[in-house]
Amino acid sequence: MATTAPEPALPAAKPPVLDAIEAAKRKAAFQAVKEHFSSDMQFVGIGSGSTIVYGVEAISAHLKANPPPNGQMNWFVPTGWNSRKVIEQAGLIPIAFDSLPAARQLDVCFDGADEVDEELNCIKGGGACLFQEKLVAERSKKFVCIADYRKNQKRLLTNWPYVPIEVAPIAHASVLANLKLLGSVNPKLREHSLAKTGPVQTDQSFYIIDAPFPTQLLTSRDLRVRGLKGDGTETDEKGNKLWGIVQLAFAIRSITGVLEVGLFQEMNGIEAQNAGKTGGQKPVAVYFGMADGSVTSRTAEDVERELSSS
Ligand SMILES: O=C[C@H](O)[C@H](O)[C@H](O)COP(=O)(O)O
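Residues numbered from 1 in each chain as written. Predicted model: local features only at pLDDT ≥ 70, side-chain atom pairs only at ≥ 80, totals over all residues.

1. Quick notes on the sheet that holds strand β7 (residues 122-123)
The antiparallel open sheet is built from three strands, whose spatial order is β6-β7-β15. The open sheet is flanked by β6 (115-116) and β15 (263-264), the only strands paired with a single partner. Of the pairings in the sheet, the one linking β7 to β15 comprises two bridges and is antiparallel in character. For Cys 122, the partnering residue across the bridge sits in β15 and is Phe 264. (Pairing = 2+ DSSP bridges. Helix = DSSP H or I, 4+ residues; strand = E, 2+ residues; numbered from the N terminus.)

Shown next, in the form of structure tokens:
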């Protein structure tokens, strides 16, 4: 865990007037970009949501101050329609994920999260993007997450109340029924606030189900310390199923009709092999903008060190 002192000046031409949370996100974004982006990077993934907008602002400012060497191009891989618009509006050049050269990893991807636990597992999908974000994160040498202090929690499902899941429209009712069998309480198809406009649709024209679970998700350390399997077969004193993150993600993904689950966690087996030694669903570092104007970061190395000493 590292904390930087508040910096009075940011390299922006016209600093916007921001409330405390937006200012925290922006500080975190500039710090993350400062430590993980360089002008010679050729392919960079850009996530979705309100926080990544500041990441793109920081990248754009960096490139203006430090143009790429020898006229080299920087290509930015969006994770959806809105992400592409943010890239274009910043004057950066988007390239579609499926136009990338074969077997070419992205140098880095930056994205936000809805909640991050102490082992850097994340919940994502609060803004209805998760499938393309996972594709891009897994294809990147490193995924760097930008967030604010509200999202920094010991375990997932602490402040953020549900797991977003992207599902085929035709299967949504059966997925809802199966989620209840896994212990989700009152999972819901996400609808527009003006309900008559129907379910929210993703960039794949799929639906989103938001699935609350009554217990926080157990980390690998929790499972080890408490001697649990985390596969939902054990329960707490109220009879609620106890889930580890990896086990719940796998169980949800195994439901027919689920395209992807908004839990970004350790990969297993063939997925991990395919990702090689770099890349993956979990961020290598998360930058949290704090309420006092400082930025706290937590890295995969911090987690490794703590796990090996506990
Ligand atoms: O679906 C949206 C994405 O996963 C976002 O990265 C996540 O919801 C965080 O969004 P925000 O930065 O707006 O809090």
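2. Looking at the nonpolar core
Ranked by size, the top nonpolar core spans 77 residues in total, and within it Ala 28, Ile 46, Cys 145, Ile 146, Ile 165 and Ile 209 carry the most contacts. Looking at which domains feed residues into this core, each of domain 1 (2-155 + 266-309) and domain 2 (163-262) supplies at least three. Discounting chain neighbours no more than four positions away, the residues touching Ala 28 are Ile 146, Ala 147, Asp 148, Tyr 287, Phe 288, Gly 289 and Val 295. (Core = buried A, V, L, I, M, F, W, Y, C linked by C-beta atoms within 7 Å. Buried ≥ 20, exposed ≤ 12 C-beta atoms within 10 Å, placed from the backbone. Domains from an automatic or database assignment. Contact = placed C-beta atoms within 7 Å.)

3. What about the sheet that holds strand β11 (residues 207-211)?
In space, the four strands of this open sheet follow the order β10-β11-β9-β14, with antiparallel pairing throughout. In the strand order of this sheet, the two ends are held by β10 (188-189) and β14 (258-261), each with one partner. In this structure, strand β9 (residues 163-167) lies alongside β11, joined through five bridges in antiparallel fashion. The partner of Val 163 across the bridge, within β11, is Ala 211. Here helix α5 (residues 172-181) sits on the sheet and contacts β9, β10, β11 and β14; the angle it forms with β11, its principal contact strand, is near 15 degrees. (Axes fitted to C-alpha atoms, helices over the stretch in contact; angles between N-to-C directions.)

4. Section: the domain arrangement of the protein
Here the domain parsing of the protein yields domain 1 (2-155 + 266-309) and domain 2 (163-262). The distance between the C-alpha centroids of domain 1 and domain 2 comes to 25 Å. Per-element tally for the side of domain 1 that touches domain 2: the top contributor is helix α4 (residues 131-139), with three residues. Looking at the side of domain 1 that touches domain 2 residue by residue, the classes come out as seven nonpolar, six polar and seven charged. (Nonpolar A, V, L, I, M, F, W, Y, C, P; charged D, E, K, R; others polar.)

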